[in-house]
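A look at the structure
Residues per chain are reported as follows:
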Amino acid sequence: MQLNTEDLEREFQAKIDSGRSIEPKDWMPEKYRKTHIRQISQHAHSEIVGMLPEGNWITRAPSLKRKVTLLAKVQDEGGHGLYLYSAAETLGITRDELYEQLHSGKAKYSSIFNYPAVTWADMGAVGWLVDGAAIMNQVMLTRTSFGPYARAMVRICKEESFHQRQGFEIMLTLCQGTEVQKRMAQDALNRWWWPSLMMFGPKDEESTHTEQAMKWRIKLKTNDELRQQFVDQTIPQIKILGLEVPDKDLKWNESRGSYDFGAINWEEFWNVVAGNGPCNKERLEARKSAFENGAWVRDAAMAYAEKKEALKEAV
Amino acid sequence: MKKEWPVWEVFIRSKAGLDHRHAGSIHATDARMAIENARDVYTRRQEGVSIWVVPSKEIVASDPDQSGELFEPAVDKIYRHPTFYDLPDELKHM
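The structure displayed is predicted, hence computed values, not measured ones. Every chain's residues receive numbers from 1 upward, in the order its sequence appears when written. Whichever chain is written first is A, and whichever ligand is written first is 1; the rest continue in order. Local features in a predicted model are, by the rule used here, given only for residues with pLDDT of at least 70; side-chain atom pairs are given and counted only at 80 or more, and totals for whole chains, interfaces and linings are based on all residues. No hydrogens and no water enter the side-chain calculation; it runs on all heavy atoms of the structure.

Concerning the overall build of chain A
The numbering of helices and of strands both runs from the N terminus, where a helix is a DSSP run of H or I of at least 4 residues and a strand a run of E of at least 2. From N to C terminus, chain A includes 13 helices and 2 strands. A globule of 315 residues ought to have a C-alpha radius of gyration of about 20 Å, and chain A, at 22 Å, matches this closely. Its C-alpha atoms put chain A at 70 × 55 × 35 Å along the principal axes. By the burial criterion, 51% of the 315 residues in chain A qualify as buried. In chain A, the share of contacts with a sequence separation of at least 24, taken over all contacts with a separation of at least 6, comes to 76%. Just so you have it, chain A exposes about 15700 Å², and 55% of that area is on carbon and sulfur atoms. A positive count includes Lys and Arg, and a negative count includes Asp and Glu. His and the chain ends are not counted in either. We put the charge of a Lys on NZ, of an Arg on CZ, of an Asp on CG and of a Glu on CD. Averaging the locations of the 42 positively and 44 negatively charged side chains of chain A gives two centres separated by 3 Å. The globule rule used here is 2.2 Å times the number of residues to the 0.38 power, and the radius of gyration it is set against is calculated over C-alpha atoms. Summary of the burial criterion: residues with accessible area below 20% of their type's maximum are buried, those above 50% are exposed, and those between are partly exposed, where the area comes from a 1.4 Å probe applied to protein chains only. We call two residues in contact when some of their heavy atoms are within 4.5 Å. The accessible surface values rely on the Shrake-Rupley method and a 1.4 Å probe; as for residues, cover is taken only from the protein chains in view.

Describing the interface of chain B and chain A
Each side of the interface is counted separately: chain B has 21 residues, and chain A has 24 residues. Buried area: the accessible area, evaluated with a 1.4 Å probe, that two parts lose upon being put together, summed over both parts. Between chain B and chain A, the buried area comes to about 2000 Å², and carbon and sulfur atoms account for 51% of it. Salt bridges are defined by distance alone: a side-chain nitrogen of Lys or Arg within 4 Å of a carboxyl oxygen of Asp or Glu. For the pair chain B and chain A, the number of links is 6 salt bridges. Each polar contact in these results corresponds to two N or O atoms within 3.5 Å; when the atoms are within protein, one needs to be able to donate a hydrogen and the other to accept it, and residues that are neighboring in sequence are counted only if both atoms are side-chain atoms. Seen at the junction of chain B and chain A, the total is 14 residue pairs in polar contact (both at pLDDT 80 or more).

Quick notes on the environment of A:Val130
All names here are of chain A. By secondary structure assignment, the location of Val130 is in helix H6 (residues 121-141). For Val130 and Trp193, which are 63 residues apart along the polypeptide, the C-alpha to C-alpha distance reads 8.9 Å. Beyond its immediate stretch of four places on either side in the chain, Val130 contacts Ile112, Phe113, Ala125, Trp192, Ser196 and Met199.

A look at the pattern of salt bridges
Pairing between side chains becomes possible if they bear opposite charge and their charged atoms approach one another. Residue and element names in this part refer to chain A. The full count for this structure, using the stated rule, is 30 salt bridges over all chains. In this structure, Arg151 and Glu23 form a salt bridge, with 2.9 Å as the shortest nitrogen-oxygen distance. Of this pair, Arg151 sits in helix H7 (residues 147-175) while Glu23 is found in the loop between helix H1 (5-17) and helix H2 (30-49), placing the two residues 128 residues apart along the sequence. Its relative accessible area of 46% is what places Arg151 among the partly exposed residues. Counted as one network, the salt bridges with shared partners bring together Glu54, Lys73, Glu77 and Asp131.

A short note on the confidence of the model for chain B
pLDDT expresses, on a scale from 0 to 100, how confident the predictor is about each individual residue. Per-residue confidence for chain B averages 95 on the pLDDT scale, and 98% of its residues sit at or above 70. Interface confidence for the predicted complex, expressed as ipTM, amounts to 0.90; the pTM equals 0.93.

Section: the packing of aromatic side chains
Residue and element names in this part refer to chain A. The criterion for an aromatic pair is that two Phe, Tyr or Trp rings (for Trp, the six-membered ring) have centres within 6.5 Å, with stacked assigned to planes under 30 degrees apart, edge-to-face to planes over 60 apart and tilted to the rest. For the structure shown, the criterion picks out 18 aromatic pairs over all chains. Geometrically, the ring pair formed by Phe12 and Trp27 is edge-to-face, given 6.2 Å between the ring centres and 80° between the ring planes. Within this pair, whereas Phe12 is found in helix H1, its partner Trp27 is found in the loop between H1 and H2, the two being separated by 15 residues in sequence. Overall, the relative accessible area of 29% leaves Trp27 in the partly exposed class. A centroid spacing of 4.9 Å and a plane angle of 80° characterise the contact between Phe12 and Tyr32, whose relative ring orientation is edge-to-face. Highlighted residues: Phe12 in helix H1 and Tyr32 in helix H2, separated in sequence by 20 residues. Exposure class is identical for Phe12 and Tyr32. Each is buried. Cluster of aromatic residues (ring-pair linked, three or more members): Phe12, Trp27, Tyr32, Phe146 and Trp216. In our convention, an over-ring charge means Lys NZ or Arg CZ found within 6 Å of a ring centre and within 35 degrees of that ring's normal. The ring of Trp57 is capped by Arg60, whose NZ or CZ atom sits 5.4 Å from the centre of that ring. The ring of Phe291 carries Arg298 above its face, with NZ or CZ at 4.2 Å from the centroid.

Quick look at a nonpolar patch on the surface
Residues and elements named next belong to chain B. Each patch is assembled from residues with relative accessible area greater than 30% and no salt bridge, linking like charges that lie within 9 Å and nonpolar side chains (Val, Leu, Ile, Met, Phe, Trp, Tyr) that lie within 5 Å. Taken together, Ile78, Tyr79, Phe84, Tyr85, Leu87, Leu91 and Met94 make up a surface patch of nonpolar side chains, about 770 Å² in accessible area. If you trace the backbone, Phe84 turns up in the segment after helix H2 (67-75). Using a relative accessible area of 41% as the deciding quantity, one classes Phe84 as partly exposed.

Written as structure tokens, this is what we have:
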């Protein structure tokens, strides 16, 4: 029996409503497919662009322990990018097309990576806050409706916890160190706090995709819910470090059982999204030049494999 | 780039005694590179003791649109399950 699009869409929604997953070869609305390609690839791009600010510190890590840790973390991010690219490719887009969208600016990546990592304390703040915020979003996404995306998230969440813990440990070590080291930690917190809150995206009333995303179980919590959860979880951690929250409006709200926090500078957020952050150009240039300068290696490896294959067939 | 590297599906055996299980996919020019890339991407924390890689284009999959018909023969055969048989409660170890 041939079903029309309306029936198929109804069946699809019923499947999602009953908690079942959607797999790549299942029928899906074109918009569901496109939304996923956009979201999963944006997530993948964030992982590989996220390697750049930290990669910058590998050769300057203060000890061998910190160096191997940072190296492992950056390798994980490369791996996470690859899990996600492979999930996106199940939707019928090629890896080269995905890269092309990143390089042309058609696809976005998380704006947080357009901020510079200027001191060693930034490696602590990034692991603790940026990875912490990412984990909050990613834990939610382990229950998202698209199977390959959810499975990639499970894998990523297992590995991500080490990233946050090592970041916090860097901060803790600095906070227990000299006055100068503690100031360095406070400075990093001051610079990364607000951009970390922005990572959850625009306010709910301004988030155009939220309603459809919730209906399709792409998202299970709104941007504001996740942001509040992050603030409530992180404030006690800041206290353990003995640092100050860079928000004069922050206060505990007894009736909500949550912290009220100050207004986010959305103008800054949209400005960085639009490409005018401190490092947008640098990050994109680094990705493009890695891709272009590596082309001859990829071509040579392919040519070698094809030649070997041809020889094998000739025998 | 002239040509994108082929895609391979990766299956990992997490420890001896268990099945290989699908982990995801990777790109590689040949089988050896596929195994090495799969190791780097999917077993950074000793998640595996054995890896299978298969060119994705060689996988033959059933059609989800036909899954109703395909799996229909098993639908009404509840007598294949042990719970189908009504036995007294005092009967043990069966």
